[in-house]
Amino acid sequence: MQAVLANENGWTEEDAGKVGVWLFLLSEILLFGALLASYLSTRLGNPDCALGVTAWPEAGHGAAVALAALNTVILLTSSYTMVRSIGRAGRGDRAGFRKNLMATVALGAAFLVVKSVEYTGKVHHGLYPGSELALANQGLSIFLSYYYGMTILHMVHVVVGMAWNGTLLYASSSAAMPSMARKSEFAGLYWHFVDVVWVFLFPLLYLI
Amino acid sequence: MSEHTQAAHQRDESVDLAVYVGLLILTVVTVAASWFHLGKIFAVATAVVIAATKASLIGLYFMDLRGERPLMHAILWSGIVLVGILLVGLIPDLALKW
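Enquirer: Can you break down the overall build of chain B residue by residue, with the values?
Expert: The helix and strand tally for chain B stands at 4 helices and 0 strands. The linear arrangement of helices and strands in chain B, starting from the amino end, is α-α-α-α. Across the 98 residues of chain B, 35% fall into the buried class. A separation of at least 24 residues holds for 73% of the contacts in chain B among residues at least 6 apart in sequence. Total accessible area on chain B is roughly 5,600 Å²; 74% of this is exposed by carbon and sulfur atoms.

Enquirer: Go over the overall build of chain A, please, and point to the residues and values.
Expert: Counting its secondary structure elements, chain A contains 6 helices and 0 strands. Taken along the three principal axes of its C-alpha coordinates, chain A extends 65 × 35 × 20 Å. Sorting the 208 residues of chain A into buried and exposed places 56% on the buried side. Long-range contacts, defined here as pairs at least 24 residues apart, represent 79% of the contacts in chain A between residues at least 6 apart. Roughly 8,300 Å² of accessible area belongs to chain A as shown, and the carbon and sulfur atoms make up 67% of that amount.

Enquirer: Describe in detail helix 3 (residues 94–124) of chain A, supporting the description with residues and values.
Expert: Along its 31 residues, helix 3 of chain A runs 45 Å from first to last C-alpha, staying within 8% of the 45 Å computed at 1.5 Å per residue. Directly beyond the C-terminal end of helix 3 of chain A, a positive phi value near 75° is found at Gly-126 of chain A.

Enquirer: Report on the interface of chain A and chain B, specifying residues and quantitative values.
Expert: Contact with chain A, which involves 52 residues of that partner, is made by 48 residues of chain B. Scanning the region where chain A abuts chain B turns up 5 salt bridges. With a closest N to O distance of 3.8 Å, Arg-84 of chain A and Glu-13 of chain B form a salt bridge. Summed over the shared surface of chain A and chain B, the number is 4 residue pairs in polar contact (both at pLDDT 80 or more). Elements with a contribution of two residues or more to the side of chain A that touches chain B: helix 1 (13–45), helix 2 (61–90) and helix 6 (177–207) of chain A. It is helix 1 of chain A that provides the largest number of residues to the side of chain A that touches chain B, a total of 17 residues. Of the residues that constitute the side of chain A that touches chain B, the class distribution is 31 nonpolar, 12 polar and 9 charged.

Enquirer: Tell me about empty space enclosed by the protein, and name the residues and values.
Expert: Per the counting criterion, the structure on display carries 1 cavity of 30 Å³ or more. Here the largest cavity is characterised by a volume of approximately 50 Å³. Around the largest cavity sit Lys-18, Ile-86, Glu-185, Gly-188, Leu-189 and His-192 of chain A together with Arg-11, Phe-62, Met-63, Asp-64 and Glu-68 of chain B, which together line it. A total of 4 residues in the lining of the largest cavity trace back to one element, the largest contributor, which is helix 6 of chain A.

Enquirer: Please set out the packing of helix 1 of chain A against helix 6 of chain A residue by residue, giving values where relevant.
Expert: Residue and element names in this part refer to chain A. Packing of helix 1 against helix 6 brings their axes to within 10 Å, and their N-to-C directions diverge by 10°. Comparing the axis directions of helix 1 and helix 6 gives the class roughly parallel. Looking at the contact of helix 1 with helix 6 residue by residue, the classes come out as 18 nonpolar, 1 polar and 6 charged.

Enquirer: Kindly report on the packing of helix 6 of chain A against helix 2 (residues 13–35) of chain B, identifying the contributing residues and their values.
Expert: Here helix 6 of chain A crosses helix 2 of chain B at 20°, and the two axes come no closer than 11 Å. Put simply, helix 6 of chain A runs roughly parallel to helix 2 of chain B. The element helix 6 of chain A and its partner helix 2 of chain B pack so that their crossing is right-handed. Residues Phe-202, Pro-203 and Leu-207 of chain A of helix 6 of chain A lie in contact with helix 2 of chain B, whose contacting residues are Thr-27, Thr-30, Val-31 and Ser-34 of chain B.

Enquirer: Which residues make up the packing of aromatic side chains, and what values do they have?
Expert: Residue and element names in this part refer to chain A. One pass over the full model with this rule turns up 13 aromatic pairs over all chains. Judged by centre distance (5.6 Å) and plane angle (40°), the ring pair of Trp-164 and Tyr-190 falls under tilted. Placement of Trp-164 in helix 5 (residues 138–171) and of Tyr-190 in helix 6 is noted, with a sequence separation of 26 residues between them. Of the residues examined, Trp-164 reaches a relative accessible area of 31% and is grouped as partly exposed. Within the aromatic cluster, the residues linked to one another by ring pairs are Phe-111, Tyr-119, Tyr-147, Tyr-148, Trp-198, Phe-202 and Tyr-206.

Enquirer: Explain helix 2 of chain A residue by residue, including any values.
Expert: Residues and elements named next belong to chain A. Helix length check: helix 2, at 30 residues, gives a terminal C-alpha distance of 44 Å against a target of 44 Å (1.5 Å per residue), a fit within 8%. Counting buried positions over the 30 residues of helix 2 gives 22, a clear majority of the element. One or two steps after helix 2, the chain reaches Gly-92, where phi turns positive at roughly 80°.

Rules behind the numbers
Residues numbered from 1 in each chain as written. Chains lettered and ligands numbered in written order. Predicted model: local features only at pLDDT ≥ 70, side-chain atom pairs only at ≥ 80, totals over all residues. Heavy atoms only, no water. Helix = DSSP H or I, 4+ residues; strand = E, 2+ residues; numbered from the N terminus. Buried < 20%, exposed > 50% of the residue type's maximum accessible area, 1.4 Å probe, protein only. Contact = heavy atoms within 4.5 Å. Areas by Shrake-Rupley, 256 points an atom, 1.4 Å probe, with all protein chains shown as cover. Expected span 1.5 Å × (residues − 1). Salt bridge = Lys/Arg side-chain N within 4 Å of Asp/Glu carboxyl O. Polar contact = N/O pair within 3.5 Å; in protein donor to acceptor, adjacent residues only side chain to side chain. Nonpolar A, V, L, I, M, F, W, Y, C, P; charged D, E, K, R; others polar. 1 Å grid on protein atoms, 1.4 Å probe; cavity = no way out; pocket = protein on both sides within 12 Å on 5 of 7 lines; lining within 4 Å. Points joined across faces, edges and corners; volume = space filled by probe spheres on them. Axes fitted to C-alpha atoms, helices over the stretch in contact; angles between N-to-C directions. Parallel < 35°, antiparallel > 145°, perpendicular 65-115°, else oblique. Left-handed = near helix turned anticlockwise from the far one by under 90°. Phe/Tyr/Trp six-rings, centres within 6.5 Å; stacked < 30°, edge-to-face > 60°.

Here's what the structure looks like:
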């Protein structure tokens, strides 16, 4: 078994790494928190873009909600496969670790595919900033800017998470399992955070 | 290996599965709640409360915050408190427009 060094307070190298990941997540909380606060104050306070005045037009909205709900299930499932992969890595089960991590990456890809189908439908209905529909309705234009800004930013985070997990998957064919367990835990914290962001974006962008 | 590290690596898979099923149920509740016309403040409050419950489940169980060191909790809560201050700071502006 690999020896793990700890200081007099019991802090290991892994604990120090976790502090680094949590500090990074703190900056992400502030980024998405500020965006959501701005969005909510606009929806609640701007008479041109207030709840019950302007949100999604009826055209294509039912399909968009169904796709967004499907994406919620996909990301929650990917978080579940991520914790399974970390558990398997902790037990030294290389095959189980790789299988669950592969599922996590595949589910991330599925999220992106569903999102592109949804974007295609929106563009088809003229729901994008600068379209004739948006130019004729200032409130809708503001709403669409928030919608695309936040969902594209979130998608970038999904891509980064997939790259992180993909790198671990590549390395896990030969790397020592204790090391993979530690690294997958760091990647898992980030991946779960990406899931948490979507948990807030889904109801606030699609359901209110 | 430290106590915290060991706890994170030895997972109870039945608990993880139960949390996952709970998250799926809360997703159904989120969509169902939107079918009721609750009024704008209640609609936002309901959406945020359910989302916060789901986020807590993910944080406590999937991100292992239950057995984590106080420093990680302090980092997380400093972010939540700062976003909370931002939201509270917006209230006077919103109140003037209602």
